[in-house]
Each structure stands twice: as structure tokens, then as C-alpha cells.
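As a plain string of letters, each chain reads:
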Amino acid sequence: MSEPNSPYLRDALETIPAYKPGRKVVSPGGRSVKLSSNESPYGPLPSVREAVAAAAADLNRYPDAASAELTAALARRFGVSEERIALGAGSVGLLQQILAATAEPGTEVVYAWRSFEAYPLLVELSGAAPVTVPLRGEAHDLDAMADAVTARTRAVFVCNPNNPTGTAVRESELAAFLDRVPEHVLVVLDEAYREYVRDPQVPDGAASFGDRPNVAVLRTFSKAYGLAALRVGFLIGPPRIATAVRKTLVPFAVNHVAQAAAVASLAAEEELLERVAATVKERERVRDALLADGWEVPTTEANFVWLRLGEHTGDFAAAAEAEGVAVRAFPGEGARVSIGTAEDNDALLAVAREFPHRNRD
């Protein structure tokens with residue numbers, strides 16, 4: 001409750017969890033390896049840097065509110081009409097826009113847990129009630145999620161691959177789930193890590209389910225494209241949903257430099273995806289090394305690995321920090337470790353090799 005004689009604030013703010021960004025740490029010897037935010041270890045390609053520099057020379061004007069050039073480029077890239085595209089300040093911004101368009105007090109939003117930690121923050125801010133469904137074997141339990149849908153449900157979030165476990169739902173499982181969800185419930189396929197997927201049975205949501213009237217797919221330029229600082233994401237969905245999401249965008253939220261960088265990134269996509277392949281190769285090397293050292297590590301289709309540490313999570317994070325390696329710790333549960341450069345990953349593996357509690361509790 002607000003203090004006497006002070007402006008009123010929403011009571012919900014007392015219980016809404018704050019989003020905690022990945023930390024950066026420095027060892028006593030001066031080493032700093034940040035593997036806590038799932039960022040790409042590579043910066044933008046030279047052609048993208050040139051586009052950013054050119055755009056930065058024109059900062060006294062507002063950006064194109066419709067993001068027309070980027071919208072057109074995305075429509076061409078994914079083979080869809082422009083009316084099915086909506087932009088946002090990263091996929092997190094799009095999630096907030098979706099909730100502004102669909103959720104309100106008295107309604108519910110279903111998602112797996114643990115999953116992307118912004119989900120509870122954004123859902124509770126919308127006034128809707130979060131309905132969380134526990135993971136099963138570190139992966140989405142789609143049958144239980146379908147059972148959790150009620151007449152009050154307005155949206156379901158499916159993070160695929162899932163953050164922070166890296167596990168992914170396969171096409172047949174997802175199709176069966178979507179068949180069970182009523183058409184009045186929007187299913188959001190949050191595919192922030194899609195570019196890192198190598199399992200052919202894990203679907204491209206837009207290609208596999210784009211004809212469904214209640215499915216929207218989220219992607220971002222923050223991860224594989226290396227543009228985390230510029231905050232630009234996009235939605236591919238039914239025209240009615242995309243229109244609603246465009247209406248809830250804060251005016252000019254996708255800035256001029258971000259639009260230019262995203263357009264240039266799409267033009268250089270073949271070269272950029274070579275970097276993604278290098279990250280995937282490192283991901284497999286890191287996981288194989290951890291398995292060889294006695295760790296249990298779920299198969300991951302993202303740019304990170306998940307270590308289920310339970311009560312030892314804090315100790316592992318502290319051991320890593322002492323060596324200048326930052327990981328994302330979820331107290332009492334586990335640690336998510338992003339894939340960085342080979343040198344960065346070797347630093348993490350050295351910490352893991354010496355840690356006594358390798359196996360899951």
C-alpha cells in the first residue's frame with residue numbers, strides 16, 4: 001500500500017518480481033568472462049556496423065514509426081505478407097504488447113516454469129493471473145499446459161527452445177498441443193533462440209503453424225544477430241493479432257539505428273549464420289566436456305547449457321565468480337551458462353571440472 005500523503009501506486013508492485021539482468025564479474029586477477037546473459041560473443045558484421053554508423057548520423061529526426069523498410073525486409077525473408085509482421089523493442093517488448101492487447105484483470109496466462117523469467121513480471125503487470133505449469137524432465141509438459149487452459153485463459157507462452165534449460169519441443173508434440181488449445185486462446189511461440197536449433201524435429205513456428213489463427217511467433221535480433229544493445233524483435237502472426245500488437249507499441253519504440261541495423265543484418269544473413277554455426281559447435285564441445293566430467297546436462301538447442309545444481313547453485317556461482325566467470329544462477333535450482341568464445345568456455349569448464357557437486361540432486 002502507498003504511504004500516507006504520497007502518490008498512490010498499484011498494490012501489485014509490492015509482489016511483482018524485478019527482472020535481474022545477467023551480472024558481470026571480475027576476478028582478483030582481472031579476468032572477466034560474462035556468460036550470464038545469452039549474448040552473442042560476436043559483434044555485428046562489418047556491413048551492419050557501416051549501416052549503424054550511417055544511421056547514427058541522422059539522430060535529430062524521429063524514426064519511422066511504421067518501420068516500413070524493416071517490415072518489408074522481414075516479409076520477404078519469411079515469405080509472408082507485411083500485414084502479418086509487427087515490431088517491438090526486443091521480443092520482451094513484444095510480449096508486453098501482446099499482453100496489453102489480450103490480458104486484463106480476471107484473465108489468465110499459462111506458461112511453463114521454470115522458463116523465461118520476464119514472464120511472471122510482464123503477466124502480473126498486465127493485471128492477469130499467471131498460471132505456471134512445472135517442467136517435466138527439464139522440458140515443457142504440454143499435456144499439463146493444455147489441461148491448465150480454462151475459459152479465463154487469454155494466452156499461452158511456449159518458449160522453444162526453453163530458457164534456461166535449452167530443451168525444445170518437437171513438431172509432433174506441439175501440433176498435438178495446438179490441436180487441444182481453443183482458438184480463442186492465443187499461443188505465443190517464443191523462438192528467441194531459433195537460429196541455434198539443429199534438431200530437424202524442432203519446428204520453425206512460422207513455417208509449421210503460420211496458418212493457425214491463434215498462433216503468433218516471436219523472434220529477436222538480440223541473440224544470433226548480435227544486436228542485443230539495440231533492442232529490436234518481431235512477431236509473425238495472423239493479421240488481426242499483428243494489427244493489435246502494432247497498436248500497443250509505444251510510439252517510436254523501435255529506434256532508427258535499430259531498424260537500420262536489422263535491415264543490414266538480414267541482408268548479411270548467410271555470413272552471419274556462419275557465426276551461429278561456430279557457436280553451435282562450441283555448444284556441443286562444452287556439453288560433451290561437461291558430460292565427460294560427470295555432469296548431467298540436458299540436450300540444448302540454444303546458445304547456453306543448463307546445470308541442475310539444486311542447493312549447490314550458489315556455491316557454483318561463487319566458485320565461477322572467483323575465477324572471473326559470470327553465470328546466471330537461479331537459487332535452489334541451477335545455473336544457466338551462455339556459450340562464449342572458446343577461451344571463455346575453457347574458463348568455465350575449468351571451474352566445472354573442479355566443482356565437487358557435479359551431479360543433479
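All of these numbers come straight from a predicted model, not from anything done at the bench.

A.B. asks: Explain the pattern of salt bridges to me, please; I cannot follow it from the model alone.
C.D. replies: With the rule as written, the count across this model stands at 17 salt bridges. Among the salt bridges present, the one from R283 reaches E284, with a minimum N-O distance of 2.8 Å. Here D293 ties to R353 by a salt bridge, and the two come within 3.1 Å at their closest N and O atoms. Of this pair, D293 sits in the loop between α10 (269–292) and β9 (304–308) while R353 is found in helix α12 (residues 342–354), placing the two residues 60 residues apart along the sequence. One salt-bridge network, in which partners are shared between bridges, spans D143, D147 and R180.

A.B. asks: Help me out: how do you make sense of the UniProt feature "domain: Aminotransferase class I/classII large" (unreviewed entry) in the protein chain in this one?
C.D. replies: According to UniProt, the "domain: Aminotransferase class I/classII large" (unreviewed entry) feature falls on residues 33–349. Between the first and last C-alpha atoms of residues 33–349 the distance is 12 Å; the span itself is 41% helix and 18% strand.

A.B. asks: Explanation requested: the pairing of strand β5 (residues 153–159) in the structure shown.
C.D. replies: Counting buried positions along β5 gives six out of seven residues, so the element sits mostly inside the fold. Looking at chain direction, strand β3 (residues 108–113) and β5 are connected through four bridges and run parallel. Bridge assignment links E108 to a residue of β5, and that residue is T153. One ladder, built from five bridges, connects β5 with strand β6 (residues 186–190); its direction is parallel. Bridging from a neighbouring strand, F157 pairs with V188 of β6. With respect to chirality, the unit in which β5 leads through helix α6 (residues 171–180) into the neighbouring parallel β6 is right-handed.

A.B. asks: Would you explain the sheet that holds strand β1 (residues 33–35) in this entry?
C.D. replies: Pairing between sheet strands relies on hydrogen bonds along the backbone, with the strands arranged either parallel or antiparallel. An order of β1-β10-β11-β9 is seen for the four strands of this open sheet, with the pairing classed as mixed. In the strand order of this sheet, the two ends are held by β1 and β9, each with one partner. The sheet shows a mean angle of 30° between the axes of neighbouring strands, direction not considered. With respect to the sheet, helix α11 (residues 313–322) is in contact with β9, β10 (325–330) and β11 (334–338), its orientation differing from that of β10 by roughly 165°. Contacts between α12 and the sheet are confined to β1, β10 and β11, with β1 contributing the most and set at about 85° to the helix.

A.B. asks: Could you clarify how one ought to interpret the pairing of β6 in this entry?
C.D. replies: Remark: a regular strand shows side chains that alternate across the two faces of the sheet. The buried fraction of β6 is high, at five of five residues. Residues L186, V188 and D190 line one face of β6 and the alternating positions V187 and L189 line the opposite face, and both faces are buried.

A.B. asks: What exactly am I supposed to notice about the packing of aromatic side chains here?
C.D. replies: We describe a pair of aromatic rings using the distance from one ring centre to the other and the angle between the two ring planes. Scanning the entire structure with this criterion turns up 13 aromatic pairs. A centroid spacing of 6.1 Å and a plane angle of 70° characterise the contact between Y111 and W113, whose relative ring orientation is edge-to-face. Among the residues examined, Y111 registers a relative accessible area of 1% and is labelled buried. Relative to F234, the ring of F221 lies with its centre 5.6 Å away and its plane at 50°, an arrangement referred to as tilted. Here F221 is found in the loop between β7 (215–220) and β8 (233–236), whereas its partner F234 is found in strand β8, with 13 residues between them in sequence. There is no split in this pair, since F221 and F234 are both buried. Within the aromatic cluster, the residues linked to one another by ring pairs are Y111, W113, F116, Y119 and F157. Between the NZ or CZ atom of R77 and the centre of the ring of F78, over which it lies, the distance is 4.5 Å. Over the face of the ring belonging to F304 we find R336, whose NZ or CZ atom lies 5.8 Å from the ring centre.

A.B. asks: What is the right way to look at the side chain of R219 in this model?
C.D. replies: Looking at the secondary structure, you find R219 in strand β7. Owing to a relative accessible area of 4%, R219 belongs among the buried residues under this scheme. A polar contact of 3.0 Å, which involves the side chain of R219, links it to the side chain of E191. Among the polar contacts made by the side chain of R219, one reaches the side chain of D204 at a distance of 3.1 Å. Not counting chain neighbours up to four residues away, the residues in contact with R219 comprise F78, S91, E191, R194, E195, D204, G233 and F234.

A.B. asks: Whenever I open this one, the UniProt feature "modified residue: N6-(pyridoxal phosphate)lysine" (unreviewed entry) in the protein chain confuses me. Can you help?
C.D. replies: Under the UniProt annotation, "modified residue: N6-(pyridoxal phosphate)lysine" (unreviewed entry) lies at K223. Looking at the secondary structure, you find K223 in the loop between β7 and β8. With sequence-adjacent residues up to four places away left out, K223 is seen in contact with S37, N38, S40, A192, Y193 and Y196.

A.B. asks: Teacher, can you tell me more about the packing of helix α1 (residues 46–56) against helix α9 (residues 256–267) here?
C.D. replies: Axis angle and axis distance: for two packed helices, these are the angle between their axes and the distance between the axes, and together they describe the pair. Direction vectors running N to C along α1 and α9 enclose 155°, while the axes themselves pass 8 Å from each other. Here α1 lies roughly antiparallel to α9, going by the angle between them. Judged by the twist between their axes, the crossing of α1 over α9 is right-handed. Residue-level contacts link S47, V48, A51, V52, A55 and A56 of α1 to H256, V257, A260, A261, A264 and S265 of α9. Residue classes in the contact of α1 with α9 are distributed as nine nonpolar, three polar and no charged.

A.B. asks: Quick question: what am I supposed to make of the sheet that holds β6 here?
C.D. replies: Spatially, the seven strands line up as an open sheet ordered β2-β8-β7-β6-β5-β3-β4, and their pairing is mixed. Looking at which strands have only one partner, the edges of the open sheet turn out to be β2 (85–88) and β4 (129–134). Across the sheet, the mean angle separating the axes of adjacent strands is 25° when strand polarity is ignored. Inspection of the sheet shows β7 paired to β8 by four bridges, in the antiparallel sense. Looking across to β8, one finds that V217 is bridged to I236. Against the sheet, helix α2 (residues 68–78) touches β2, β7 and β8, its axis set at about 125° to β2.

Thresholds, definitions, all that
- Residues numbered from 1 in each chain as written.
- Predicted model: local features only at pLDDT ≥ 70, side-chain atom pairs only at ≥ 80, totals over all residues.
- Heavy atoms only, no water.
- Salt bridge = Lys/Arg side-chain N within 4 Å of Asp/Glu carboxyl O.
- Helix = DSSP H or I, 4+ residues; strand = E, 2+ residues; numbered from the N terminus.
- UniProt positions renumbered as here; feature names shortened; annotations may be inferred.
- Buried < 20%, exposed > 50% of the residue type's maximum accessible area, 1.4 Å probe, protein only.
- Pairing = 2+ DSSP bridges.
- Right-handed = clockwise from strand over helix to strand, strands pointing away.
- Axes fitted to C-alpha atoms, helices over the stretch in contact; angles between N-to-C directions.
- Contact = heavy atoms within 4.5 Å.
- Phe/Tyr/Trp six-rings, centres within 6.5 Å; stacked < 30°, edge-to-face > 60°.
- Lys NZ or Arg CZ within 6 Å of the ring centre and 35° of its normal.
- Polar contact = N/O pair within 3.5 Å; in protein donor to acceptor, adjacent residues only side chain to side chain.
- Parallel < 35°, antiparallel > 145°, perpendicular 65-115°, else oblique.
- Left-handed = near helix turned anticlockwise from the far one by under 90°.
- Nonpolar A, V, L, I, M, F, W, Y, C, P; charged D, E, K, R; others polar.

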